[in-house]
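So the chains spell out like this:
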Amino acid sequence: SRLILATRNQHKVAELRAILGEAGLDLELVGADAYPEIPDVPETGVTFAENALLKAHALARATGLPAVADDSGLCVDVLGGAPGIFSARWAGKHGDDRANLELLLAQLGDIADPHRGAHFACAAALALPDGTERVAEGRLLGTLRTAPAGEGGFGYDPILQPLGETRTCAELSAEEKNAISHRGKAFRALAVVVGELVG
Ligand code: ITT
Ligand code: NA
């Protein structure tokens, strides 16, 4: 049977295919792009979990198929957790990764190393057409560089250096990132539940 990946972010789709593909689910993973007629749901939640559930329920209701969704972002300690759920549009235009990253670096200025703590957060939601829902969350702790490095990944990957790493997320291979990432942790946990509830 089919499982809908309720995201229009192609970087997430690629990571979810890799993460869920290794989870041993006997399901065909179908991107939301297969359903262009279904409108995007407004992300009106105040937490990653609420927004992930909104996206998953919208696709599950509209397609009659189980759906998983991701809501994620970068939470900076010294900014009280911002950009957080506003990470995708921190500089104004949704999905302008470069502008978002540059604005964040400017806001941090030359704040020094012990105060550059941050984490990526991901809420992974499953929704079934009958309204059943489950959420799993994951985090990746790290520090923020003062300048971007690396070409891999997306979003804020070039400035987040995971704890215990010498490289940024954008300098890791896709496999290395998925092994430690917020998204990897959240969706490996959710995959167990998907395996139990979706046949
Ligand atoms: P969908 O809602 O369609 O899934 P989106 O890109 O709008 O796609 P979000 O609202 O969850 O998704 O915003 C996620 C933003 O958080 C993303 O644009 C990046 O700026 C940041 N982000 C999330 N995961 C990241 C990762 O693994 N590496 C770097 N930045 C990430
Ligand atoms: Na969001």
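Residues numbered from 1 in each chain as written. Chains lettered and ligands numbered in written order. Predicted model: local features only at pLDDT ≥ 70, side-chain atom pairs only at ≥ 80, totals over all residues.

For the rest of this paragraph, the subject is the site of ligand 1. Taken together, 25 residues are adjacent to ligand 1, and T7, N9, S87, A88 and G155 come closest. Elements that contribute at least two residues to the shell around ligand 1 include exactly β3 (67-76) and α3 (97-108). When its residues are assigned to classes, the shell around ligand 1 shows 6 nonpolar, 10 polar and 9 charged. (Near = placed C-beta within 6 Å. Helix = DSSP H or I, 4+ residues; strand = E, 2+ residues; numbered from the N terminus. Nonpolar A, V, L, I, M, F, W, Y, C, P; charged D, E, K, R; others polar.)

When the UniProt feature table is mapped onto this chain, "binding site: Mg(2+)" (unreviewed entry) is found at D71. Once residues within four sequence positions are removed from consideration, D71 is found in contact with F48, N51, A52, K55, I85 and A123. (UniProt positions renumbered as here; feature names shortened; annotations may be inferred. Contact = placed C-beta atoms within 7 Å.)

With that settled, consider the UniProt feature "active site" (unreviewed entry) in the chain. Following the UniProt record, the feature "active site" (unreviewed entry) maps to D71 here. Examined against the element boundaries, D71 turns out to sit in strand β3.

Moving on: helix α2 (residues 48-63). Counted at 1.5 Å a residue, the expected span for α2 with its 16 residues is 22 Å, and the 23 Å between its end C-alpha atoms agrees. Those residues of α2 that sit buried are F48, N51, A52, L53, K55, A56, H57, A58, L59 and A60. Packed against the buried residues of α2 are β1 (2-5), β3, β4 (117-127) and β5 (133-144). Following α2 by one or two positions, G64 has its phi on the positive side, about 70 degrees. (Expected span 1.5 Å × (residues − 1). Buried ≥ 20, exposed ≤ 12 C-beta atoms within 10 Å, placed from the backbone.)

The subject of this paragraph is the pairing of β5. Here β4 runs beside β5; their pairing, made up of 11 bridges, is antiparallel. Opposite A121, over in β5, you have R139 as the bridge partner. Hairpin remark: β4 followed by β5, antiparallel, with 5 residues in the connecting loop; positive phi at G131, about 100 degrees. (Pairing = 2+ DSSP bridges.)

What follows deals with the nonpolar core. In this structure, A56, V68, A124 and A125 are the most contacted members of the largest nonpolar core, which totals 49 residues. Counting only elements with at least two residues in this core, the list comes to β1, α1 (10-21), α2, β3, α3, β4, β5 and α5 (182-197). Counting residues per element, this core draws most heavily on β4, at 9 residues. Apart from residues lying up to four places away in sequence, V68 is in contact with L3, L5, A6, A56, A124, A125, L126, L190 and V194. (Core = buried A, V, L, I, M, F, W, Y, C linked by C-beta atoms within 7 Å.)

Attention now moves to the sheet that holds strand β6 (residues 160-162). With mixed pairing, the 6 strands of this open sheet are ordered in space as β2-β1-β3-β4-β5-β6. Each end of this open sheet is capped by a strand with a single partner; those strands are β2 (28-31) and β6. On average, adjacent strands in this sheet sit at an angle of 35 degrees to one another, irrespective of strand direction. One ladder, built from 2 bridges, connects β1 with β3; its direction is parallel. When the sheet's bridge partners are listed, I4 is paired in β3 with A67. (Axes fitted to C-alpha atoms, helices over the stretch in contact; angles between N-to-C directions.)

Attention now goes to the pairing of β4. Of all 11 residues in β4, 10 are buried; the element is thus mostly enclosed. Examined bridge by bridge, β3 and β4 share 10 bridges and lie antiparallel to one another. Residue pairing for β4: L74 is matched across the bridge by F120.

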